[in-house]
Amino acid sequence: GNVNCRYDNSLGLLTRKFVTLLRGSPTGVLDLNQAAAQLGVQKRRIYDITNVLEGIGLIEKQSKNNVRWK
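Only a predicted model underlies this, so the values are computations on that prediction, with no experimental measurement involved. (Residues numbered from 1 in each chain as written. Predicted model: local features only at pLDDT ≥ 70, side-chain atom pairs only at ≥ 80, totals over all residues. Heavy atoms only, no water.)

## A short note on the nonpolar core
- With 15 residues, the main nonpolar core has Phe18, Leu30, Ile46, Ile49, Leu53 and Val67 as its most contacted residues.
- Residue assignment for this core shows that the elements contributing at least two residues are helix 1 (2–24), helix 2 (32–39) and helix 3 (43–55).
- By residue number, the principal contributor to this core is helix 1, which donates five residues.
- Leave out the neighbours within four places in its chain, and leucine 30 touches Phe18, Leu21, Leu22, Ala35, Asn65, Asn66 and Val67. (Core = buried A, V, L, I, M, F, W, Y, C linked by side-chain atoms within 4.5 Å. Buried < 20%, exposed > 50% of the residue type's maximum accessible area, 1.4 Å probe, protein only. Helix = DSSP H or I, 4+ residues; strand = E, 2+ residues; numbered from the N terminus. Contact = heavy atoms within 4.5 Å.)

## Re the pattern of salt bridges
- Applying the stated rule across the entire model yields three salt bridges.
- Arginine 45 is the salt-bridge partner of aspartate 48, the closest N and O atoms lying 2.5 Å from each other. Taken together, the positions of aspartate 48 and arginine 45, both in helix 3 and three residues apart, correspond to about one turn of that helix.
- Judged by its relative accessible area of 27%, aspartate 48 falls in the partly exposed class.
- Of the residues examined, arginine 45 reaches a relative accessible area of 21% and is grouped as partly exposed.
- Among the ionic pairs, arginine 68 bridges to glutamate 60, the shortest N-O distance being 2.8 Å. (Salt bridge = Lys/Arg side-chain N within 4 Å of Asp/Glu carboxyl O.)

## Some remarks on the sheet that holds strand 3 (residues 66–69)
- Strand order in the open sheet made by the three strands is 1-3-2, with antiparallel pairing throughout. For this open sheet the edge positions go to strand 1 (29–31) and strand 2 (59–63), each flanked by a neighbour on one side alone. Pairs of neighbouring strands in the sheet enclose a mean axial angle of 30 degrees, with direction left out of account.
- Pairing of strand 2 with strand 3 involves four bridges; the strand directions are antiparallel. If you follow isoleucine 59 over to strand 3, its bridge partner there is tryptophan 69.
- Across the sheet, helix 2 lies against strand 1 and strand 3, angled at about 70 degrees from strand 1, the strand it touches most. (Pairing = 2+ DSSP bridges. Axes fitted to C-alpha atoms, helices over the stretch in contact; angles between N-to-C directions.)

Read these as layout, nothing more, since geometry by itself doesn't imply function.
Right, here's the structure in full:
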């Protein structure tokens, strides 16, 4: 129970921070390596987020390491 809640919360929080970064980007494009570094998380965490956001159609991959709002 608890572990899952904690995981969900951290992923939710991370997603909000990620979205804030993306919104703050002057070009509307976010470099995933940069995002991982800025948020202090591993790249695979970032992929967890981008996969979900891409799945629900909010963002799209521009290149291997770049995403942008759709």
